[in-house]
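This is what each chain is made of:
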Amino acid sequence: MSEGGLFISFEGIDGSGKSTQARLLAEHLRKTGRDVVLTREPGGSPGAEEIRALVLQGDPDRWSAETEILLFTAARRDHLERTIRPALAAGKVVICDRFADSTRMYQGLSRGNLRATVDALHDLMIGVEPDLTVLIDMNPKDGLSRALGRNGVEERFEEFGEELQEAMRAGFLDLAREYADRFVAIDGARDVDAVAEDVMAAVAARLP
Ligand code: ADP
Ligand code: TYD
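Below is a summary of the structure that appears in this document. Please read these numbers as outputs of a predicted model, since none were measured by experiment.

1. Observations regarding the overall build of the protein chain
What the protein chain contains, in helices and strands, is eight helices and five strands. Helices and strands appear in the protein chain in the N-to-C order β-α-β-α-α-β-α-α-β-α-α-β-α. A compact globule built from 208 residues should have a C-alpha radius of gyration of about 17 Å, and the protein chain, at 16 Å, falls within 12% of that. Principal-axis analysis of the C-alpha atoms gives the protein chain an extent of 45 × 35 × 30 Å. Burial analysis of the protein chain (208 residues in total) assigns 50% to the buried set.

Here it is as structure tokens:
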């Protein structure tokens, strides 16, 4: 799918440092003359940003697990059509803060095992994976205290508690083994610059 461009996603539990690292990577690549689109999920296109408010705000019981999978996938489909594919076709580097692996973990694990449903809908409606997925691995206790320090309205998923975050951390590491060809796992429990150095090395190895 990437044609002349490169599609990079960042994954990991809440507060692991994905947004920070995605931004630093974008700044670094722009300085070296690359055309970069920094985007995020849920969101990244006007329609998907509207869906973002629906899925991240309000009562935790607002949606059934199945409806939630449909909403995240609908947002992703719009993001792919309107933002990601056109940027890759123009030869740009797309850096996406979360992508389908987040749905595999959050919707796939948080209310029973719905991974098969997530994967089936992904195959039907999305059908692509990033060229490179950077997993920022982090212990949930520290990640959660970082995330809760931010204080916002988008908190439907931030009160999962440590046990579920622990299961998701393990799940992300399993995904990294399952899709070893596109994943790089990086230890996020270090200072920002040390993590960023590893991220840049992983990306440099794959730049067209
Ligand atoms: P995520 O996008 O994974 O939820 P953020 O990048 O938003 O994580 O980081 C969460 C909070 O932790 C922010 O306040 C950020 O400044 C801080 N942070 C990010 N990376 C580090 C790091 N390596 N060490 C300490 N604090 C960090
Ligand atoms: P994000 O803004 O990246 O949160 P954080 O910075 O705390 O990591 O994502 C918002 C929340 O959306 C996050 O708790 C994870 C959740 N999410 C899903 O549950 N499924 C998905 O498919 C995606 C993309 C995000």
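Read on for the rest.
2. A word on the site of ligand 1
Residues in close proximity to ligand 1 total 14 residues, the closest being Gly15, Lys18, Ser19, Thr20 and Arg190. At a separation of 2.8 Å, a nitrogen atom of ligand 1 approaches a polar backbone atom of arginine 190. Here valine 192 contributes a backbone N or O atom positioned 3.5 Å from a nitrogen atom of ligand 1. Burial of ligand 1 by the protein chains amounts to 71% of its free accessible area of 560 Å².

3. A look at the packing of aromatic side chains
With the rule as written, the count across this model stands at one aromatic pair. One cation-aromatic arrangement involves arginine 76 over phenylalanine 99; the distance from NZ or CZ to the ring centre is 5.2 Å. We note arginine 182 situated over the ring of tyrosine 179; from NZ or CZ to the ring centre the distance is 4.5 Å.

4. Points about the nonpolar core
Counting residues in hydrophobic clusters, the biggest one holds 19 residues, and the most contacted among them are Ile8, Phe10, Leu25, Ile95, Val134 and Val199. Put simply, the parts of the chain that give this core at least two residues each are strand 1 (6-11), helix 1 (18-31), strand 3 (93-97), strand 4 (132-137), strand 5 (183-187) and helix 8 (192-204). The residues contacting leucine 25, other than those within four sequence positions of it, are Ile8, Phe10, Ile95, Val199, Met200 and Val203. Of all hydrophobic cores here, the second largest spans 12 residues; its members include Phe7, Ile84, Ala87 and Ile126.

The rules we used
Residues numbered from 1 in each chain as written. Chains lettered and ligands numbered in written order. Predicted model: local features only at pLDDT ≥ 70, side-chain atom pairs only at ≥ 80, totals over all residues. Heavy atoms only, no water. Helix = DSSP H or I, 4+ residues; strand = E, 2+ residues; numbered from the N terminus. Rg over C-alpha atoms; globule rule 2.2 N^0.38 Å. Buried < 20%, exposed > 50% of the residue type's maximum accessible area, 1.4 Å probe, protein only. Near = heavy atom within 4 Å. Polar contact = N/O pair within 3.5 Å; in protein donor to acceptor, adjacent residues only side chain to side chain. Areas by Shrake-Rupley, 256 points an atom, 1.4 Å probe, with all protein chains shown as cover. Phe/Tyr/Trp six-rings, centres within 6.5 Å; stacked < 30°, edge-to-face > 60°. Lys NZ or Arg CZ within 6 Å of the ring centre and 35° of its normal. Core = buried A, V, L, I, M, F, W, Y, C linked by side-chain atoms within 4.5 Å. Contact = heavy atoms within 4.5 Å.

Nothing here speaks to function; it is all geometry.
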